[in-house]
Amino acid sequence: MTTTTPARGRRRAPSRMERAAGRAAAFQKPRVILALLLLLALTSVMLLDGYLRSEIGNDARVRDGAAYDKVPSRILDGGPLLTFDHGTATTQSVPDRTIVLTFDDGPTATWTPQVLKVLEENDVDATFFMVGSMISRYPGVVKSLVKQGNEVGIHTFTHVDLSYQSAARLQRELKQTQLALAGAAGVTTTLFRAPYSSEIDAVDNYSWPVYQEIGDLGYTSVFVDTDSDDWKKPGVSKIVRWATPKKNKGAIVLMHDAGGDRSQTISALGTYIKKMKAKGYTFTTVSGAQAMLNGNRSGVGRQSGSAGAGAGAGASAGAGIGGTGAAQAAQHQAAGATLYEGRALVYAVAVAEWVVPALSWFLLVVGIAVMGRFGMMLVLARRHHRQRNRGRGKGGRGGGRFSWGPAVTRPVSVIVPAYNEKECIANTLRSLAKSTHPIEIVVVDDGSDDNTSEIAESLGMPNVRVVRQENAGKPAALNNGVRNARHDIVVMMDGDTVFEPDAVHQLVQPFADPEIGAVAGNAKVGNRTTLIGAWQHIEYVMGFNLDRRMYDLLRCMPTIPGAIGAFRRDAVLGVGGMSEDTLAEDTDITIALHRAGWRVVYQEHARAWTEAPGSLRQLWSQRYRWSYGTMQALWKHRKSLTDKGPSGRFGRVGMPLVVLFQIVTPVFAPLIDVFTGYSMIFVDFRAALLAWLAVLAVQLVCAAYAFRLDREKYRYLAMLPLQQLAYRQMMYLVLIHSCVTALTGGRLRWQKLKRTGEVGTPAGAGR
């Protein structure tokens, strides 16, 4: 029998559909790119944070005991200030009774401000040789330091021994530190101190070329005369004693404002300054000492106003930030590209400093939630299986056989929406012809142009009716089928799905309970012989069916699969039929039935075999539609969160679970993988690998149990590790793509997947 029924409530003009399709297609590529750019941006933030913390590019080698025969003797015997004038090296010593206080390895938010407070209280300036990565993390401290009248110098960006590094790395260390200074305080500097350096007589054959190159770039290399060794935490008295120069000589004194607990340094600093002033010593900066050596003793102490004049890399001549005196002559005001690049660096670091810790804590919570979900799934799935299979295969012995109630034997209507299903429709209808339950079959041809309806009619099956309509989409086709159905229970399936002989009978048995309005069946992947098919097979068994067991017991089933589901006809009509508001009409109507007070259950013994997408492109298209449609359905029913009574159970329990585990967790899951890969490469490969294997083991246990419950062969689980590495990443990107589409207000059209018809009768069930 053939009936032609016009579609209701749909736009029928092909030109409008084509225009909508064109608009959707035009939006897809930019959104994919935006999703990938978002993930790339987060990865870049992580890499920047790792670089700042010396997890990336860190070189902990420190040279010691090397020969020094290639270093001129006059340099080794010279003073702590090393400069180069047209390639000629010159050293200078600090004038007698003059102290140049220098602090290395900072700044820090804890100790540097305390050092500045002591200096301010004692009316003393100092020179701070700062690490670029620390400058970019604490720009406010640097700005205050310069404004107070102190001087800054470069201590490289990552605190590496430059004698091991290439010329390119040397240039990068200097430039990045200058940019950090420019972004933090608006200055650059010509002062340099190498990490792990000490007195000038420690220069060796490996470090000498480095100092020559640095000198040719216009830097003054600053060594030390007196080392307080405060990093050893020897006690306040020893720090003061070790920092005191002998015989009233001038000295560049080394202390630290970073690198650990510096409380002893803070305590010793004030005592040291008072002691040296009592001995008649003058305190100044490196630039101040150089000015004194050149006969200019004015302006070498604390200055007020703006910093001194000068020029340097990326700097302009003129006034700097801390005053025009000689005490800050090595500093120059940053300008042009250096200033703006420096600010960009500081802003980027600020983002990384906030984002990475926040993500770390968030991902920890997500990880705990995921592990909790696995545990909950295992417990509830086992309970569900034992409850629904009680007495099965035992003749009713052992505590009584589970029953929904009196057997449901009355005829039901099976609705088959079909659009260009010529490859599959014959197999679908032949499988229904073998049904052990009395059925009528309503094939709704949704405007096919490939003779789908003709093939259905040519089979000559007496219980098959073909209803033709203009192309209006799957929801309209299903509604048309419901209207044409003759029985009170309707089974809905896809046009590419094959039912097992007892599938319909098993599917409708729960309707013996008058509270049940819909039943979800057990969808199986038929084309599982390919790699992508096997991956989807694992996902269907573990990700879908195990979830449904859990949701069933919690009475908040979110989705009845389009491949196999059954409904009370009155319940469907009571909620307005299959809605066209979303792309996930199956999720939409399931939530609507919950809100109408109906119970939705899962019937594991009702099995159907469906043809999964056979290519990555088709898979992406299908899952993109599913993900986006699910978000639409959740948003549409957001008021279920405030529903009262039994009808509000989905809003109270199901909605939060679906949002957390089907949207939020998968969206952030790629970051867990990025963190894992980052840790493997830059932090601790063994620990990160063990953590990843532990998570994989948990997933394998869950998958194995799901396969056991569904009586599937375990051999497919051998593909689980590869699925986690490749397939899962694609699903994450699909979900991120869907989120971007939702946030940008995009709309999608229905997408037809290419079918092959390779899924035939379910003779291979359980393979």
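The model shown is predicted, which means the values in this text are computed figures rather than measured ones. (Residues numbered from 1 in each chain as written. Predicted model: local features only at pLDDT ≥ 70, side-chain atom pairs only at ≥ 80, totals over all residues. Heavy atoms only, no water.)

Asks: Is there a simple way to explain the overall build of the protein chain in this structure?
Replies: Check the secondary structure of the protein chain and you find 22 helices and 22 strands. Expressed as a percentage of the 767 residues in the protein chain, the buried residues total 56%. In the protein chain, 79% of the contacts between residues at least 6 apart in sequence involve partners at least 24 apart. Surface summary for the protein chain: the accessible area is close to 32,200 Å², and the carbon and sulfur share equals 56%. (Helix = DSSP H or I, 4+ residues; strand = E, 2+ residues; numbered from the N terminus. Buried < 20%, exposed > 50% of the residue type's maximum accessible area, 1.4 Å probe, protein only. Contact = heavy atoms within 4.5 Å. Areas by Shrake-Rupley, 256 points an atom, 1.4 Å probe, with all protein chains shown as cover.)

Asks: Would you explain the pattern of salt bridges in this entry?
Replies: Two side chains that carry opposite charge are able to pair once their charged atoms sit near each other. Going through the model one piece at a time under the given rule, you end up with 23 salt bridges. One salt bridge in this structure joins Asp581 and Lys636, with 3.0 Å as the shortest N-O distance. Here Asp581 is found in the loop between α17 (569–574) and α18 (585–595), whereas its partner Lys636 is found in helix α19 (residues 616–636), with 55 residues between them in sequence. Taking relative accessible area as the criterion, Lys636 reaches 31% and is therefore assigned partly exposed. (Salt bridge = Lys/Arg side-chain N within 4 Å of Asp/Glu carboxyl O.)

Asks: What's the story with the nonpolar core in this structure? I'm lost.
Replies: Considering soluble globular proteins, one finds that nonpolar side chains tend to be buried as a cluster. Grouped together as the largest cluster of nonpolar side chains are 62 residues, with contacts concentrated most on Leu101 and Tyr272. With seven residues, helix α6 (residues 167–185) is the single largest residue contributor to this core. Setting aside its immediate chain neighbours within four residues, Tyr272 contacts Ile99, Leu101, Val240, Ala243, Thr244, Pro245, Val253, Met255 and Phe283. Core analysis: the next-biggest nonpolar cluster, separate from the first, contains 60 residues, Met492, Val541, Trp692 and Tyr716 among them. (Core = buried A, V, L, I, M, F, W, Y, C linked by side-chain atoms within 4.5 Å.)

Asks: Could you clarify how one ought to interpret the layout of surface pockets in this entry?
Replies: Gaps left between atoms are located by rolling a probe of water-molecule size over the structure's atoms. Space inside the second largest pocket adds up to approximately 690 Å³. As for the second largest pocket, its lining consists of 34 residues, of which Arg63, Pro195, Tyr196, Ser197 and Ser198 are closest to the centre. Secondary-structure elements contributing two or more residues to the lining of the second largest pocket are α7 (208–216) and β11 (251–256). When the residues that make up the lining of the second largest pocket are grouped by side-chain class, the tally is 15 nonpolar, eight polar and eleven charged. (1 Å grid on protein atoms, 1.4 Å probe; cavity = no way out; pocket = protein on both sides within 12 Å on 5 of 7 lines; lining within 4 Å. Points joined across faces, edges and corners; volume = space filled by probe spheres on them. Nonpolar A, V, L, I, M, F, W, Y, C, P; charged D, E, K, R; others polar.)

Asks: Teacher, can you tell me more about the pairing of strand β6 (residues 151–154) here?
Replies: Across a regular strand the side chains alternate sides, sitting on one face of the sheet and then on the other. Of the two faces of β6, the one holding Glu151 and Gly153 and the one holding Val152 and Ile154 are both buried throughout. Examined bridge by bridge, strand β5 (residues 127–130) and β6 share four bridges and lie parallel to one another. Its bridge partner lying in β6, Phe128 is registered against Val152. (Pairing = 2+ DSSP bridges.)

Asks: Whenever I open this one, the packing of aromatic side chains confuses me. Can you help?
Replies: Aromatic ring pairs are reported here in terms of the distance separating the ring centres and the angle at which the planes meet. The full count for this structure, using the stated rule, is five aromatic pairs. With 5.1 Å between their ring centres and 20° between their planes, Phe103 and Phe128 make a pair best called stacked. Of the two residues, Phe103 sits in strand β4 (residues 98–104) while Phe128 sits in strand β5, which places them 25 residues apart along the sequence. Sitting over the face of the ring of Tyr164, Arg63 holds its NZ or CZ atom 3.9 Å from the ring centroid. Between the NZ or CZ atom of Arg528 and the centre of the ring of Tyr716, over which it lies, the distance is 5.7 Å. (Phe/Tyr/Trp six-rings, centres within 6.5 Å; stacked < 30°, edge-to-face > 60°. Lys NZ or Arg CZ within 6 Å of the ring centre and 35° of its normal.)

Asks: It is not clear to me how the side chain of Asn527 should be interpreted in this structure. Could you clarify?
Replies: Within the element layout of this structure, Asn527 appears in the loop between β20 (516–525) and α16 (531–554). Looking at Asn527, its side chain comes within polar contact range of the main-chain oxygen of Ala612, at 2.9 Å. (Polar contact = N/O pair within 3.5 Å; in protein donor to acceptor, adjacent residues only side chain to side chain.)

Asks: Sorry, what's going on with the environment of Leu269 here?
Replies: Inspection of the secondary structure puts Leu269 in helix α9 (residues 263–278). For Leu269, a relative accessible area of 0% corresponds to the buried category. For the pair formed by Leu269 and Asn122, sequence separation is 147 residues and the distance between their alpha carbons is 9.8 Å. Those residues in contact with Leu269, other than ones at most four positions away along the chain, are Leu101, Phe103, Val115, Val118, Leu119 and Met255.

Asks: Would you explain empty space enclosed by the protein in this entry?
Replies: This model, assessed by the stated rule, comprises one cavity of 30 Å³ or more. Roughly 80 Å³ of volume is contained in the largest cavity. In this structure, the largest cavity is lined by 13 residues; those nearest its centre are Met492, Pro561, Gly562, Met578 and Asp586. Elements that contribute at least two residues to the lining of the largest cavity include exactly α14 (474–484), β18 (489–493), β21 (564–568) and α18. Across the lining of the largest cavity, the residue classes break down as seven nonpolar, two polar and four charged.

Asks: Sorry, what's going on with helix α12 (residues 425–433) here?
Replies: The α-helix advances 3.6 residues per turn, and as a result positions three or four apart in sequence lie on the same side. For α12, the complete set of buried residues consists of Ile425, Ala426, Thr428, Leu429, Ser431 and Leu432. Check the buried side of α12 and you find it contacts β15 (412–418), β16 (439–446), α13 (452–458), β18 and β19 (498–499).

Asks: Looking at this model, I keep getting lost on the environment of Gly597. Mind explaining?
Replies: Inspection of the secondary structure assignment puts Gly597 in the loop between α18 and β22 (599–610). Sequence separation between Gly597 and Ile516 is 81 residues; the distance between their C-alpha atoms is 9.3 Å.

Asks: Explanation requested: a negative patch on the surface in the structure shown.
Replies: The grouping of Asp77, Glu199, Asp201 and Asp225 at the surface amounts to a negative patch. The residue Asp77 is located in the loop between α2 (73–76) and β2 (81–85) in this model. (Patch = residues over 30% accessible without salt bridge, like charges linked within 9 Å, V, L, I, M, F, W, Y side chains within 5 Å. Lys, Arg positive; Asp, Glu negative; His and termini not counted. Charge placed at Lys NZ, Arg CZ, Asp CG, Glu CD.)

Asks: For this particular structure, what's the right way to read helix α5 (residues 139–147)?
Replies: Among the residues of α5, those classed as buried are Val141, Val142, Leu145 and Val146. Buried residues of α5 fall within an arc of 130° about the axis and therefore sit on the same side. Exposed residues on α5 whose side chains face more than 90 degrees from its buried face are Lys143 and Lys147. Looking at the packing, one finds that the buried side of α5 touches α3 (112–121), β5, α4 (132–137), β6, α6 and β14 (331–334). Following α5 by one or two positions, Gly149 has its phi on the positive side, about 110°. (Arc of directions from axis to C-beta.)

Asks: Could you clarify how one ought to interpret the packing of helix α20 (residues 649–683) against helix α21 (residues 685–709) in this entry?
Replies: A pair of packed helices can be characterised by two numbers: the angle between their axes and the separation between those axes. Running from amino to carboxyl end, α20 crosses α21 at an angle of 155°, the nearest separation of the two axes being 7 Å. By the angle between their directions, the pair α20 and α21 is classed as roughly antiparallel. Crossing of α20 over α21 shows left-handed handedness. For the pair formed by α20 and α21, the contact residues are Thr676, Ser679, Met680 and Val683 on the first element and Phe685, Ala688, Leu689 and Trp692 on the second. (Axes fitted to C-alpha atoms, helices over the stretch in contact; angles between N-to-C directions. Parallel < 35°, antiparallel > 145°, perpendicular 65-115°, else oblique. Left-handed = near helix turned anticlockwise from the far one by under 90°.)

Asks: What is the right way to look at unusual backbone geometry in this model?
Replies: Most peptide bonds are trans, and most residues other than glycine sit at a negative phi. Looking along the chain, the bond that leaves Gly106 and enters Pro107 is cis, with omega of 0°. You can see Pro107 is positioned in the loop between β4 and α3. Of note in this structure, Asp229 is not a glycine but carries a positive phi near 50°. Relative to the elements of secondary structure, Asp229 occurs in the loop between β10 (226–227) and α8 (236–243). Despite not being glycine, Arg555 has its phi angle at roughly 60°, a positive value. For Arg555, the position within the fold is in the loop between α16 and β21.

Asks: What is the right way to read a positive patch on the surface from this model?
Replies: Together, Arg97, Lys238, Arg241, Lys275 and Lys279 give the surface a local cluster of positive charge. Residue position: Lys275 is located in helix α9. Given a relative accessible area of 31%, Lys275 falls into the partly exposed group.

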